[in-house]
Amino acid sequence: MAPIRPVRKAVIPVAGNGTRFLPATKAMPKEMLTIVDRPVVQYAVEEAMQAGIEHIVFVTGRNKQAIEDHFDDVPELISSLTRSGKDAQLSELARMLPAAGSVSFTRQQAPLGLGHAVWCARDLIGDEPFALLLPDMISYGARGCMAGLMDLYNDVGGNVVAVEQCAIEDTSKYGIVGMGEKTRHGFEVTEMVEKPAVSEAPSTYYLNGRYILQPEIFSILAHQQRGAGNEIQLTDGMLRLSAEQSFHAHPYEGRTFDCGSKQGFIEANVAFALARADIGNLVFESVREMVLSHEQAMQAA
């Protein structure tokens, strides 16, 4: 068995237009919308770094300069905060600033799908296994999803994906995997089916936007035919790769919020706010009052 090569780099695709959040995203990248007081994309970066990732590759598009600026130093702001004695804010900015040379940006010139976005990172990743994090999907739990994925990868190598369970009636909304032999941190993937009918779903485990993939995926994506939505689909490429290499799945024990949807975005804001020591109790009381008021209004209607 070939030695398991370490995963040092991660790809974070941020080229989407965010049309589901217009007009908020007319002039601002959807990845810069905030969950409490941090932009969505920062959660993905921190999750990757906490899992041991050393280098982040952002695949960007037009009008995404704010993302690059967010992960850069701002001497004028630092100077102002220093003069004002705002040590807490200075500490937070220092903590989130990536080390020099640990972040790269490449451009996806046309919106040709997730598979194409991943392919655009090929020269920056090179011949190495890499992590892939979809920034719209934010993991919420005692431990980041990517850390668990790393545990599984270090055991079995190959390609690994993160999954969560959904209700059987919701399988037609997701990419669903089939379950094979169990391992210490997950199970073997026997098949991957995109949005299957309930009667045809091989399990209730769905792909939740976290992956570790071998570099052979790039040569597959380079010749991948366009699929659903006339886009180059990553799932199609993974299916072809699975004919040659193993895939395993790690069931995430936390919860993933789909912040690409309005409902998921609002739910994430509430969940992360409630978990904060500084504002959690205040938010809880406010939310409880609003829920009670809403229930009373519904009963009176």
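Since we're looking at a predicted model, the values are computed, not measured.

**Some thoughts on the overall build of the protein**
What the protein contains, in helices and strands, is eleven helices and 13 strands. Along the three orthogonal principal directions, the C-alpha set of the protein runs to about 55 × 55 × 40 Å. For the protein, the residues scored as buried account for 46% of the 301 residues in total. Considering only residue pairs separated by 6 or more positions, the protein has 75% of its internal contacts joining residues 24 or more positions apart. Roughly 15,600 Å² of accessible area belongs to the protein as shown, and the carbon and sulfur atoms make up 51% of that amount. The distance from the centre of the 26 positive side-chain charges to the centre of the 37 negative ones in the protein is 5 Å.

**Structural notes on the side chain of histidine 70**
The topology assignment puts histidine 70 in helix α2 (residues 65-70). Once residues within four sequence positions are removed from consideration, histidine 70 is found in contact with Met32, Pro39, Gln42 and Met96.

**Remarks on the pattern of salt bridges**
Evaluated as defined, the whole model comprises 17 salt bridges. Linking lysine 9 and glutamate 128 is a salt bridge whose minimum nitrogen-to-oxygen distance equals 3.5 Å. Residue lysine 9 is found in strand β1 (residues 9-13), and its partner glutamate 128 is found in the loop between α6 (122-125) and β6 (130-133); the two are separated by 119 residues along the sequence. Both residues of the pair, lysine 9 and glutamate 128, belong to the buried class. Connected through salt bridges with shared partners, the residues Arg8, Lys9, Glu54 and Glu128 form a single ionic network.

**What to know about the environment of leucine 149**
In this fold, leucine 149 is placed in helix α7 (residues 145-156). The class for leucine 149 is buried, based on a relative accessible area of 0%. For the pair leucine 149 and valine 163, spaced 14 residues apart in sequence, the C-alpha separation works out to 9.8 Å. Sequence-distant contacts of leucine 149, defined by excluding residues within four places in its chain, comprise Val160, Val161, Ala162, Arg210, Tyr211, Ile212 and His250.

About the criteria used
- Residues numbered from 1 in each chain as written.
- Predicted model: local features only at pLDDT ≥ 70, side-chain atom pairs only at ≥ 80, totals over all residues.
- Heavy atoms only, no water.
- Helix = DSSP H or I, 4+ residues; strand = E, 2+ residues; numbered from the N terminus.
- Buried < 20%, exposed > 50% of the residue type's maximum accessible area, 1.4 Å probe, protein only.
- Contact = heavy atoms within 4.5 Å.
- Areas by Shrake-Rupley, 256 points an atom, 1.4 Å probe, with all protein chains shown as cover.
- Lys, Arg positive; Asp, Glu negative; His and termini not counted.
- Charge placed at Lys NZ, Arg CZ, Asp CG, Glu CD.
- Salt bridge = Lys/Arg side-chain N within 4 Å of Asp/Glu carboxyl O.

Function cannot be read off these values alone, since they describe shape.
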